[in-house]
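Structural description and commentary
These are the residues of each chain, in order.
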Amino acid sequence: MEIRDVFADLPTLETPRLRLRRLTMDDAVAVFEYARDEEVARYVPWPAHQSIEDARRFLELVTGQLERGEVAPWGMELTTEHRLIGSTGYIWWQPAHARAELGWAMARPYWNRGLMTEAVKACIAFGFARMGLNRIEARCRLENGASERVMQKAGMTFEGIARQMMLMKGNYVDLKVYSLLREEHLGQAD
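This section reports on the structure supplied with the text. Everything numeric here is computed off the predicted structure, so don't read it as measured data.

Comments concerning the nonpolar core
Ranked by internal contacts, the top residues of the largest apolar core, which has 54 residues, are F7, Y90 and M131. Setting aside residues up to four positions removed in sequence, F7 forms contacts with R22, L66, G69, E70, V71, A72, Y90, W93 and M131.

Thoughts on helix α4 (residues 52-67)
Spanning 16 residues, α4 covers 22 Å between terminal C-alpha atoms, matching the ideal 22 Å at 1.5 Å per step. Turning to α4, its buried residues are D54, A55, L59, V62, T63, G64, Q65 and L66. One or two steps after α4, the chain reaches G69, where phi turns positive at roughly 75 degrees.

A short note on the pattern of salt bridges
In this structure the tally under the stated criterion is 18 salt bridges. One connected set of salt bridges, linked through shared partners, spans R99, E101, R135, E137, R139 and E159.

Topic: the pairing of strand β7 (residues 157-168)
As paired strands, β7 and strand β8 (residues 171-181) are joined by eight bridges and run antiparallel to one another. Residue pairing in the sheet places M166 in a bridge with V173 of β8. Here β7 hands over to β8 after two residues, with K169 in that stretch at a positive phi of 55 degrees.

Quick word on the sheet that holds strand β6 (residues 135-141)
Hydrogen bonding along the main chain pairs the strands of a sheet, whether they run parallel or antiparallel. Spatial ordering of the open sheet is given by β1-β2-β3-β4-β5-β6-β8-β7, a layout of eight strands whose pairing is mixed. Two strands close off the open sheet at either side, each with one partner strand: β1 (13-14) and β7. Contacts between helix α5 (residues 115-129) and the sheet are confined to β1, β2 (18-21), β3 (74-78), β4 (83-94), β5 (99-106), β6 and β8, with β4 contributing the most and set at about 35 degrees to the helix. Packed on one face of the sheet, helix α6 (residues 145-153) meets β5, β6 and β8 and runs near 160 degrees to β6.

Let's talk about the side chain of E101
The topology assignment puts E101 in strand β5. Looking at E101, its side chain comes within polar contact range of the side chain of W92, at 2.5 Å. Among residues more than four places away in sequence, those in contact with E101 are G89, Y90, I91, W92, E137, A138 and R139.

Some words on a nonpolar patch on the surface
A contiguous nonpolar patch, built from L142, F158 and I161 and spanning about 250 Å² of accessible area, is present on the exposed surface. Locating L142 in the fold gives a position in the loop between β6 and α6. Judged by its relative accessible area of 32%, L142 falls in the partly exposed class.

Describing α5
Relative to the 21 Å expected for 15 residues at 1.5 Å per residue, α5 spans 21 Å between its end C-alpha atoms, a close match to the ideal helical length. Most of α5 is tucked away, with 12 of its 15 residues classed as buried. Every buried residue belonging to α5 is among L115, M116, T117, E118, A119, V120, A122, C123, I124, F126, G127 and F128, and all of these are buried.

With respect to unusual backbone geometry
Phi is positive for N112, which is not a glycine, with a value near 65 degrees. Relative to the elements of secondary structure, N112 occurs in the loop between β5 and α5. A positive phi angle is found at K169, which is not glycine, with a value near 55 degrees.

Quick word on the environment of S51
Mapped onto the secondary structure, S51 falls in the loop between α3 (38-41) and α4. Sequence-wise, S51 and E33 are 18 residues apart; in three dimensions their C-alpha atoms are separated by 9.7 Å.

Topic: the packing of helix α2 (residues 28-35) against α4
Running from N to C, α2 and α4 cross one another at 115 degrees; their axes reach a closest spacing of 8 Å. Compared by their axis directions, α2 and α4 come out roughly perpendicular. The two elements α2 and α4 meet at a crossing, and its hand is right-handed. From α2, A28, V29, V31 and F32 reach across to α4, where they touch I52, A55, R56, F58 and L59. Counted by class, the contact of α2 with α4 contains eight nonpolar, no polar and one charged residues.

Rules and cut-offs
Residues numbered from 1 in each chain as written. Predicted model: local features only at pLDDT ≥ 70, side-chain atom pairs only at ≥ 80, totals over all residues. Heavy atoms only, no water. Core = buried A, V, L, I, M, F, W, Y, C linked by side-chain atoms within 4.5 Å. Buried < 20%, exposed > 50% of the residue type's maximum accessible area, 1.4 Å probe, protein only. Contact = heavy atoms within 4.5 Å. Helix = DSSP H or I, 4+ residues; strand = E, 2+ residues; numbered from the N terminus. Expected span 1.5 Å × (residues − 1). Salt bridge = Lys/Arg side-chain N within 4 Å of Asp/Glu carboxyl O. Pairing = 2+ DSSP bridges. Axes fitted to C-alpha atoms, helices over the stretch in contact; angles between N-to-C directions. Polar contact = N/O pair within 3.5 Å; in protein donor to acceptor, adjacent residues only side chain to side chain. Patch = residues over 30% accessible without salt bridge, like charges linked within 9 Å, V, L, I, M, F, W, Y side chains within 5 Å. Areas by Shrake-Rupley, 256 points an atom, 1.4 Å probe, with all protein chains shown as cover. Parallel < 35°, antiparallel > 145°, perpendicular 65-115°, else oblique. Left-handed = near helix turned anticlockwise from the far one by under 90°. Nonpolar A, V, L, I, M, F, W, Y, C, P; charged D, E, K, R; others polar.

The structure is reproduced here in structure tokens:
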């Protein structure tokens, strides 16, 4: 399977409370609203956005990735409000090894409602069904308990700590690594 076969025409995914859809340049204000929050940016590799231009650069990157048929995240829209509240999806994919990694960010007012877990479960189902994945990974900083709970609730298994795995905001940081295998996912569906 080719990455382009999936991401050139990224489908919209529906969950009970969310619509995962392509991000567009029209999302700049909504992206800036959540990405400028220091708490949202606390555990991610990118700094908090300082201006609407930072959001536009992010959206130019994502829309360019989609136009080229590359891996790119979905925008998370809360269906009851028709409001973009974050992004989630695959940050890399190795088709030759049938493995990929998920990442996410969400506006703070929507934390602790199970929304990110709902979105991640939809991405996982898509990965196994449409991308032909055998393994889905996710990682978080040691102190990021919220993301760790999302991984656990999504059925992922803790594998260990990758020491100084990433240079983040000037410091090498340790990351907790979680994964879910196709056979485990199929077993959970029973």
